[in-house]
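Observations on the three-dimensional arrangement
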Amino acid sequence: MQMDKATYIKYAGENAKKSNILLNITKAFIVGGLICCIGEAIIKLYIYLGVELETARILESVTLIFLAALLTGLGYYDNIAKHAGAGTILPITGFANAVVSPAIDSKSEGFILGVGSKMFVIAGPVIVYGTIASIIYGVVYYFIR
């Protein structure tokens, strides 16, 4: 049986899962804020360890990207994102998840044709190359200085 467009829209609207907008916003705010608080704690830790503030801020971004990529690889980040929504997408951790997820999904195709090519699908080559270059530059700069 075929439905016309108006009938389908009505059917989909009646059967779509209703979401609690206030609850979703609250969870996104709390998780996004928690990620930012963790970032601030990482900065304080690096400063406590003797790193200058400017360098600590750079290392904080790299650490958050690493932690998000690790949590994505272990399968935890997506579970958090199911509940937190935009709270996990907007911070820098969402970027790491966007790069790692497609790469993990295609690892069976090999490292070059699978992981290497698929990690560019969502985040784009500019972001990936920019991140890799900035990490290498940051490490070299830290040790040269």
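Residues numbered from 1 in each chain as written. Predicted model: local features only at pLDDT ≥ 70, side-chain atom pairs only at ≥ 80, totals over all residues. Heavy atoms only, no water.

Turning our eyes to something else, we now look at the confidence of the model for the protein chain. Per-residue pLDDT for the protein chain averages 84, and the proportion of residues at 70 or more is 83%. Helix H8 (residues 120–123) is the least confidently modelled element of the protein chain, averaging 63 in pLDDT, while helix H2 (residues 21–48) averages 94, the highest of any element. (pLDDT = per-residue confidence, 0-100. Helix = DSSP H or I, 4+ residues; strand = E, 2+ residues; numbered from the N terminus.)

Okay, the state of the cysteines next. Applying the stated criterion across every chain, the model contains 0 disulfides. The thiol sulfur of Cys-36 is not disulfide-bonded, and the nearest other cysteine sulfur, from Cys-37, lies at 7.1 Å. The class for Cys-37 is exposed, based on a relative accessible area of 52%. (Disulfide = S-S within 2.5 Å. Buried < 20%, exposed > 50% of the residue type's maximum accessible area, 1.4 Å probe, protein only.)

Moving on: a nonpolar patch on the surface. Together, Phe-66, Leu-67, Leu-70, Leu-71, Leu-74, Tyr-76 and Ile-80 make up a nonpolar patch on the protein surface, roughly 640 Å² of accessible area in all. Of the residues forming the nonpolar patch, the biggest block, 5 residues, is contributed by helix H3 (residues 53–74). Checked against the element boundaries, Ile-80 lands in helix H4 (residues 77–84). (Patch = residues over 30% accessible without salt bridge, like charges linked within 9 Å, V, L, I, M, F, W, Y side chains within 5 Å. Areas by Shrake-Rupley, 256 points an atom, 1.4 Å probe, with all protein chains shown as cover. Salt bridge = Lys/Arg side-chain N within 4 Å of Asp/Glu carboxyl O.)

What follows concerns the side chain of Thr-63. Residue position: Thr-63 is located in helix H3. Judged by relative accessible area, Thr-63 falls into the buried class, the value being 17%. Once residues within four sequence positions are removed from consideration, Thr-63 is found in contact with Ile-42 and Tyr-46. (Contact = heavy atoms within 4.5 Å.)

Before going further, it helps to examine the packing of aromatic side chains. Scanning the model with the defined rule gives 2 aromatic pairs in all. Pairing Tyr-137 with Tyr-141 gives two aromatic rings, centres 5.9 Å apart and planes at 15°, and the pair type is stacked. Of the two residues, Tyr-137 and Tyr-141 both sit in helix H9 (residues 125–144), 4 residues apart, roughly one turn of that helix. The class of Tyr-141 is partly exposed, set by a relative accessible area of 39%. (Phe/Tyr/Trp six-rings, centres within 6.5 Å; stacked < 30°, edge-to-face > 60°.)

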